[in-house]
Amino acid sequence: MDVTYRIEQKRQINGAFPGPKSQALAARRAKAVAAGVASSLPVYAADVDGGIIVDVDGNQLIDLGSGIAVTTVGASNPAVAKAVAEQAARFTHTCFMVAPYENYIELAEKLATITPGHFEKRAVFFNSGAEAVENAIKVARVATGRQAVVAFDHAYHGRTNLTMGLTAKAAPYKRGFGPLAPEIYRMPMSYPYREENPNISGKEAAERAILAMEKQIGGDQIAAIIIEPIQGEGGFIVPATGFLPRVAEWAKENGIVFIADEVQAGFARSGAWFASDIEGIEPDLVTVAKGIAGGMPLSGLIGRAELLDSVHGGGLGGTYGGNPVAVAAALESIKFMEEQDLAGRARQIEEQFFTRFGAIQKEVSALGDIRGRGAMVAIEFVKAGGKEPDAALTKKIAEECLAEGVLILTCGTYGNVVRLLPPLVISDELLGEAFDVLEAAIRKHA
Ligand SMILES: *Cc1c(COP(=O)(O)O)cnc(C)c1O
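All of these numbers come straight from a predicted model, not from anything done at the bench.

## Considering the packing of aromatic side chains
Working step 1: Here the structure, examined in full by the defined rule, presents 13 aromatic pairs.
Working step 2: Ring centres of F267 and F274 lie 5.0 Å apart, and the angle between their planes is 70 degrees; on these two criteria the pair is classed as edge-to-face. In this structure, F267 and F274 share a single accessibility class: buried.
Working step 3: Considering the side-chain rings of F353 and F357, the 5.2 Å spacing of their centres and the 35 degrees angle between planes classify their relative orientation as tilted. A residue pair is termed a helical-turn pair when its members lie 3 or 4 positions apart in one helix, as F353 and F357 do in helix α11 (residues 342-363) at four residues.
Working step 4: The ring of F119 carries K121 above its face, with NZ or CZ at 5.7 Å from the centroid.

Right, dumping it as structure tokens:
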């Protein structure tokens, strides 16, 4: 990897944490910002580069979150920043539905080549991951003339009305926000660590879900099956090998649109361009967002031409969808990922993670499971001697890391998973130091 850093890649906490400027901002925030928006960090960002977040008091934190898997190429990647400035100087917006422009087409062409699936494709762009998911369901319903949509246990697909219905976890995502959208059915996921039968194969786990779909809905009633090839918020759950291919095959046999929600796992994060590539599945539709544009808000829906083209003219769109500044950032981000082989970099991070935490797992029984792919890896914490989730320990470890200047996010249906999502431009040295801090926190509290 050939990256130069603007900010010294050094972890540093100066005195009180949060410092006085962050405390002052927190007080202003409490009087101005809706209480429903929570933040992981008690400090406020001032400057971000490589693997370092500098806060308003000059503290330097190691970033293992990437703004939730977004700033894969860095939060101030010079090539992305330049493309943004150049595009903004020409025009920031015309609305593609009013005065279309070239870079939208260029990004659609590019995504057709890098997304899974050897078939003719079309793409359409939006602003958020949730919006891409909503539109995938709209397209699947028009294309099939059916209504039922299948999602899985532990799924996360967003916070809008339709997508919070697809999301599995009630609190905090759905609680009190109903009524939820109808015709959503939830099926059992392949979650190898928590299977009742530890020997169940991926194919058998798929057959379990297929039987439930046949009995509870009927294959000919289902418009779409949507699944994250590696689940994100639900706990970085990697389904057993064979699960995804069998579900995709059954979808095809039944004329069901198979949608891979690659919003979190896509764009080199998993060590492949897309997590679907790992088992070679070819989803009919792919939703993308997060890592696509170096931090600029952009999402997309890419897939089979005949599906996307089945929608009537004017049926898809949105004022800002495929904003030219965000698209310029996406084109530069993708180029950077290719030139710097960030998928290869993610695989290096995966290896470093499993070597280090695999060894610790042998000594500390609280590390129930370590899993993930690429730079999307996690530790599931349990109480000693069993598999009972230990959310309190997980919280303590994440807080300890934070106090030491390492930003670590948690996730999981049971709140007992620490997830690592470093920017792929982080140096080995800084990543190793973050691992040291996490290891020390585990040994102190577990
Ligand atoms: C984050 C996420 C979404 C929602 O994306 P937003 O941009 O927050 O709307 C959807 N699906 C998956 C898998 C995600 O991780």
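Next comes the rest of the account.
## With respect to the sheet that holds strand β13 (residues 406-407)
Working step 1: The sheet built from four strands is open, its strands ordered β1-β2-β3-β13 with mixed pairing. Each of the sheet's edge strands pairs with one partner strand only, and the pair in question is β1 (45-49) and β13.
Working step 2: Taken together, the two bridges between strand β3 (residues 60-63) and β13 define a ladder with parallel strand orientation. Each residue of the ladder has a partner; that of D63, found in β13, is L407.
Working step 3: Across the sheet, helix α13 (residues 428-445) lies against β2 (52-55), β3 and β13, angled at about 95 degrees from β3, the strand it touches most.

## Considering the state of the cysteines
Working step 1: Tallying each qualifying case throughout the model produces zero disulfides.
Working step 2: Unpaired in terms of disulfides, C401 finds its nearest cysteine sulfur in C411, a separation of 14 Å.

## Observations regarding the packing of helix α3 (residues 78-90) against helix α10 (residues 324-339)
Working step 1: Close contact between α3 and α10 brings their axes to 8 Å; oriented N to C, the two are set at 150 degrees. As the angle between them shows, α3 and α10 are arranged roughly antiparallel. Considering how the two elements wind past one another, α3 and α10 form a crossing that is right-handed. On α10, the residues that touch A79, V80, A83, V84, Q87 and A88 of α3 are P324, V325, A328, A329, E332 and S333.
Working step 2: The residue makeup of the contact of α3 with α10, split by class, is nine nonpolar, two polar and one charged.

## Comments concerning the site of the ligand
Working step 1: Close to the ligand lie S128, G129, A130, Y156, H157, G158, E228, D261, V263, Q264 and K290.
Working step 2: Between the ligand and G129, the relevant distance is 2.8 Å, taken from an oxygen atom to a main-chain nitrogen or oxygen of the residue.
Working step 3: Here an oxygen atom of the ligand and a backbone polar atom of A130 are 2.8 Å apart.
Working step 4: Across the shell around the ligand, the residue classes tally to three nonpolar, five polar and three charged.

Here is what the cut-offs are and how they apply
- Residues numbered from 1 in each chain as written.
- Predicted model: local features only at pLDDT ≥ 70, side-chain atom pairs only at ≥ 80, totals over all residues.
- Heavy atoms only, no water.
- Phe/Tyr/Trp six-rings, centres within 6.5 Å; stacked < 30°, edge-to-face > 60°.
- Buried < 20%, exposed > 50% of the residue type's maximum accessible area, 1.4 Å probe, protein only.
- Helix = DSSP H or I, 4+ residues; strand = E, 2+ residues; numbered from the N terminus.
- Lys NZ or Arg CZ within 6 Å of the ring centre and 35° of its normal.
- Pairing = 2+ DSSP bridges.
- Contact = heavy atoms within 4.5 Å.
- Axes fitted to C-alpha atoms, helices over the stretch in contact; angles between N-to-C directions.
- Disulfide = S-S within 2.5 Å.
- Parallel < 35°, antiparallel > 145°, perpendicular 65-115°, else oblique.
- Left-handed = near helix turned anticlockwise from the far one by under 90°.
- Nonpolar A, V, L, I, M, F, W, Y, C, P; charged D, E, K, R; others polar.
- Near = heavy atom within 4 Å.
- Polar contact = N/O pair within 3.5 Å; in protein donor to acceptor, adjacent residues only side chain to side chain.

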